[in-house]
Amino acid sequence: GNVWQGELSNVRKDGSPLEEAAIITPVRASGGAITHFVAIKQDISERKRMEKQLLRSQRMEGIGLLASGIAHD
């Protein structure tokens, strides 16, 4: 009966992968019983792709700094 928020991996109708952020909240009747759920989803595939690219470039930068330090010594 609480609000849930998180990220999900899904598949589009064409078969391509989809990353989405979702918030799901219950809708209660006047008596307090849960009658429905409302979900709000947002496609975050591009943001996830950019995060992976940033982490990859940071990792390469770290390797380059390590290699240059070793070469300098």
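For the structure itself, look to the data block above.
How each quantity is defined
Residues numbered from 1 in each chain as written. Predicted model: local features only at pLDDT ≥ 70, side-chain atom pairs only at ≥ 80, totals over all residues. Heavy atoms only, no water. Helix = DSSP H or I, 4+ residues; strand = E, 2+ residues; numbered from the N terminus. Buried < 20%, exposed > 50% of the residue type's maximum accessible area, 1.4 Å probe, protein only. Contact = heavy atoms within 4.5 Å. Lys, Arg positive; Asp, Glu negative; His and termini not counted. Charge placed at Lys NZ, Arg CZ, Asp CG, Glu CD. Polar contact = N/O pair within 3.5 Å; in protein donor to acceptor, adjacent residues only side chain to side chain. Salt bridge = Lys/Arg side-chain N within 4 Å of Asp/Glu carboxyl O. Pairing = 2+ DSSP bridges.

Participant: I'd like to hear about the overall build of the protein, residue by residue, with values.
Facilitator: When helices and strands are tallied, the protein shows one helix and three strands. Ordered by position in the sequence, the α and β elements of the protein form the string β-β-β-α. Judged by the C-alpha coordinates and their principal axes, the protein covers about 75 × 30 × 10 Å. Across the 73 residues in the protein, those meeting the buried criterion constitute 10%. Contacts in the protein between residues far apart in sequence, at least 24 positions, make up 23% of those at least 6 positions apart. Here the protein contributes 10 positive and 9 negative side-chain charges, whose respective centroids are spaced 7 Å apart.

Participant: Outline the side chain of Glu20, listing residues and values.
Facilitator: You can see Glu20 is positioned in strand S2 (residues 17-28). In terms of polar contacts, Glu20 uses its side chain to reach the side chain of Asn10, at 3.3 Å. Residue contacts for Glu20: discarding those within four places in its chain leaves Gly6, Glu7, Leu8, Asn10, Lys41, Gln42 and Ile44.

Participant: Now, about the side chain of Ser45: what can you tell me, with residues and values included?
Facilitator: Along the chain, Ser45 turns up in helix H1 (residues 45-72). Ser45 sits in the buried class, given a relative accessible area of 19%. Here Asp43 takes part through its side chain, which lies 2.8 Å from a polar atom of the side chain of Ser45. Beyond its immediate chain neighbours, meaning those up to four positions away, Ser45 contacts Arg12, Pro17, Leu18 and Glu19.

Participant: So what's going on with the pattern of salt bridges? Which residues, and what values?
Facilitator: Two side chains carrying opposite charge are able to pair once their charged atoms lie near each other. A complete count under the given rule lists four salt bridges for this structure. A salt bridge links Arg49 to Glu46; the nearest nitrogen and oxygen atoms lie 2.5 Å apart. With a gap of three residues between them, Arg49 and Glu46 both fall in helix H1, about one helical turn apart. Looking at Arg49, the relative accessible area reads 43%, which means it is partly exposed.

Participant: Summarise the pairing of strand S3 (residues 34-43); cite the residues concerned and give the values.
Facilitator: Pairing between S2 and S3: nine bridges, direction antiparallel. Opposite Glu20, over in S3, you have Asp43 as the bridge partner. In sequence, S2 turns back onto S3 through a hairpin of five residues, with Gly32 there showing a positive phi of about 100°.

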